[in-house]
Amino acid sequence: MTSSTTTSITITSCAKTFADGTRALEPLDLSIQAGETLVLLGPSGCGKTTLLRIIAGLEAPDRGGRVLFGEEDVTHLPIERRNVGMVFQSYALFPNMTVWDNVAYGLKVRRMDKAAMKQRVEEMLAMMHIDALADRRIDQLSGGQRQRVALARAIAARPRVLLLDEPLTALDAGLRDRLRGEIDALLRSLGITAVYVTHDQAEAMVLGDRIVVMSAGRIAQIGTPRDIYHAPANAFVADFIGTTNRLRHKDATLVFRPEDADLVPPGEGMAQGIIQVVHFLGDRQRVHLHTDDGEAVIVEIGSRRRVAPGQRSGIAVRPEGMVHLSGNAEESAA
Ligand code: ADP
Ligand code: MG
């Protein structure tokens, strides 16, 4: 069996035009470091899955596009020769086989000897906390259990790269949070190069060493979660990640997050408004205001303060809380 050396990935000029003429990706360059977890984040239809499938070898880029694993050009290698592990939103497991046989599948294909295979499968089942389910059939498992099996199967053969396409999207919220934490710990302990596709920004922030924000087949920004959130490159990124307020103030447009603003007594702050709605969230409150200039602003405040719709309030913004678009400003402002 091939050893488990993880690899960097270099993508150059990868575009994708489907047979029906759909342009899913514009020519795109991307470098992924060995051992890094890179998240592809963006709205539905922006090309995340297409890019992941090109990395996997399930889809060929348009002519001229290249994919390298380390120094090796894998552009023309089919998936079974790239040594990648994949996990999909829909589990893609063999439903009438047992958990054990699903996890062992890739090892059997590689003709691993029986003793080593047994040891490896048991190791994987233990790692994903599904040892008790070894003899169950897939169709007797819950969604979360199936995704654990899919993860165990994907990493059993020690792939060079792990590719995950919205693996948690089909699960309910509580389970999603728990598995998200486990996947985070798993990726860190394996030290494997991973590309993780999601449209969920919380997932992207927790899991990504870096996040690639995609829009309409292009890269809108690449950066750490902190960069993306506090220094979005353009209006698309600012609006896609978190909540963004815009206020006209002395001929400038101020851009800021709700948690960087505060409600102050009427007459104070940089704008005045009337409270429209207060959402009590337990750990904080989200207050929606209409300013006297007709702008909608959302401010987050502590959950012990008493505010009510109809009240007048000033709106203050912490100076360090201003968002400065790091790229060429308001391309696609709403
Ligand atoms: P995402 O994963 O970000 O939701 P996809 O990569 O699945 O986006 O799709 C990007 C675009 O390519 C979409 O417009 C989608 O409809 C289109 N597309 C995806 N697969 C095919 C295909 N096999 N044939 C034609 N168009 C496709
Ligand atoms: Mg997709």
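Counting restarts for each chain: residues are numbered from 1 in the order of the written sequence. Chain letters and ligand numbers both follow the written order, the letters beginning at A and the numbers at 1. Only residues with pLDDT of at least 70 are given local features in this predicted model, and only at 80 or more are side-chain atom pairs given and counted; all residues enter the totals for whole chains, interfaces and linings. To obtain the side-chain values, all non-hydrogen atoms of the structure were included, while hydrogens and water were left out.

**Q** Explain the overall build of the chain to me, using residue names and the numbers behind them.
**A** When its secondary structure is counted, the chain shows eight helices and 17 strands. Structurally, the chain occupies a C-alpha span of about 75 × 50 × 35 Å along its principal axes. Three labels apply to residues, based on accessible area from a 1.4 Å probe with only protein chains included: buried if under 20% of the type maximum, exposed if over 50%, partly exposed otherwise in between. Sorting the 334 residues of the chain into buried and exposed places 48% on the buried side. Using the Shrake-Rupley algorithm and a 1.4 Å probe, accessible areas are obtained, with residue cover drawn only from the displayed protein chains. Of the roughly 15900 Å² that the chain leaves accessible, carbon and sulfur atoms contribute 49%. With 39 positive and 41 negative side-chain charges, the chain shows a separation of 5 Å between the mean positions of the two kinds. Secondary structure elements are taken from DSSP: a helix is a run of H or I of four residues or more, a strand is a run of E of two residues or more, and numbering for both begins at the N terminus. Note that His is not counted, nor are the chain ends; the positive residues are Lys and Arg, and the negative ones are Asp and Glu. The atoms used to mark charge sites are NZ of Lys, CZ of Arg, CG of Asp and CD of Glu.

**Q** Go over the packing of aromatic side chains with me, naming the residues and quoting the values.
**A** In this scheme Phe, Tyr and Trp rings, the latter by its six-membered ring, pair at centre separations within 6.5 Å, and the angle between planes marks the pair as stacked below 30 degrees, edge-to-face above 60, and tilted otherwise. One pass over the full model with this rule turns up two aromatic pairs. With a centroid separation of 5.7 Å and an interplanar angle of 10°, the aromatic rings of F236 and F240 are classed as stacked. Of this pair, F236 and F240 both sit in helix α8 (residues 235–240), four residues apart, which is roughly one turn of that helix. On the basis of relative accessible area, F240 is assigned to the partly exposed category, the value being 21%.

**Q** If you had to explain the packing of helix α3 (residues 114–127) against helix α4 (residues 143–156) to someone new, which residues and values would you point to?
**A** Axes, fitted as lines to C-alpha atoms, cover a helix only where it is in contact. Angles between the N-to-C directions of the axes lie from 0 to 180 degrees. As a packed pair, α3 and α4 sit with axes 9 Å apart at the nearest point and diverge in direction by 140°. When the interaxial angle is binned, α3 and α4 end up oblique. Crossing of α3 over α4 shows right-handed handedness. Between α3 and α4, the contacting residues are R120, M124 and M127 on the first element and A152, I155 and A156 on the second. Looking at the contact of α3 with α4, its residues break down into five nonpolar, no polar and one charged. Orientation categories follow fixed angle ranges, with anything under 35 degrees roughly parallel, anything over 145 roughly antiparallel, 65 to 115 roughly perpendicular, and all other angles oblique. The crossing is said to be left-handed when, going from far helix to near helix, the turn is anticlockwise and less than a right angle, and right-handed when the turn is clockwise. Contact between two residues is taken to exist if any of their heavy atoms lie within 4.5 Å; hydrogens are not considered. When residues are grouped by polarity, Ala, Val, Leu, Ile, Met, Phe, Trp, Tyr, Cys and Pro land in nonpolar, Asp, Glu, Lys and Arg in charged, and all others, Gly among them, in polar.

**Q** Hey, could you go over helix α5 (residues 173–190) for me, with residue numbers and the actual values?
**A** With 18 residues, α5 should reach 26 Å at 1.5 Å per residue; the first-to-last C-alpha distance of 25 Å fits that figure. The complete set of buried residues in α5 reads L179, R180, I183, D184, L186 and L187. End-on, the buried residues of α5 take up no more than an arc of 170°, which puts them together on one face. In α5, those exposed residues whose orientation departs by more than 90 degrees from the buried face are R178 and S189. Where α5 is buried, its residues meet β3 (37–41), α3, α4, β7 (161–165), β8 (193–198) and α6 (201–207). Count one or two residues on from α5 and you reach G191, which has phi positive near 60°. What a helix is expected to span follows from its residue count: subtract one and scale by 1.5 Å. In this context, the arc is that of the directions from the helix axis out to the C-beta atoms.

**Q** Mind laying out the domain arrangement of the chain, listing which residues take part and the relevant values?
**A** Examined at the domain level, the chain breaks down into domain 1 (1–83 + 161–242), domain 2 (93–158) and domain 3 (248–315). Where a domain begins and ends is set by an automatic assignment or by a domain database. Placing the centre of domain 1 and that of domain 2 at their C-alpha centroids yields a distance of 25 Å. The partner domain 2 presents 15 residues to the 15 residues of domain 1 that form the contact. A 1.4 Å probe defines the accessible area here, and the buried area is the portion of it lost by two parts on being joined, summed over both. Taken together, both faces of the contact between domain 1 and domain 2 bury some 1300 Å²; the carbon and sulfur share is 71%. Salt bridges are defined by distance alone: a side-chain nitrogen of Lys or Arg within 4 Å of a carboxyl oxygen of Asp or Glu. With a closest N to O distance of 2.7 Å, E182 and R148 form a salt bridge. Under this definition, polar contacts are N or O atom pairs within 3.5 Å; protein pairs additionally need one hydrogen-donor-capable and one acceptor-capable atom, and for neighbouring residues in sequence, both atoms have to be side-chain atoms. Where domain 1 packs against domain 2, one counts two residue pairs in polar contact (both at pLDDT 80 or more).

**Q** Describe the confidence of the model for the chain, with residues and values.
**A** Within the chain, residue pLDDT values average 93, and 96% of them lie at 70 or more. Under a pLDDT of 50 for its full length, residues 328–334 has, in the predicted model, 13 contacts with residues more than four places off or in other chains. For every residue, the predictor assigns a confidence score, pLDDT, that lies between 0 and 100.

**Q** Lay out the site of ligand 1 in plain terms, naming residues and giving numbers.
**A** Residues are counted as near a molecule or strand when any one of their heavy atoms sits within 4 Å of it. In the vicinity of ligand 1, the contacting residues are F18, D20, T22, A24, P43, S44, G45, C46, G47, K48, T49 and T50. Interatomic distance of 3.1 Å between a backbone N/O atom of G47 and an oxygen atom of ligand 1. In this structure, T50 approaches ligand 1 through a side-chain N or O atom, which is 2.6 Å from an oxygen atom. For the shell around ligand 1, the per-class residue count stands at four nonpolar, six polar and two charged.

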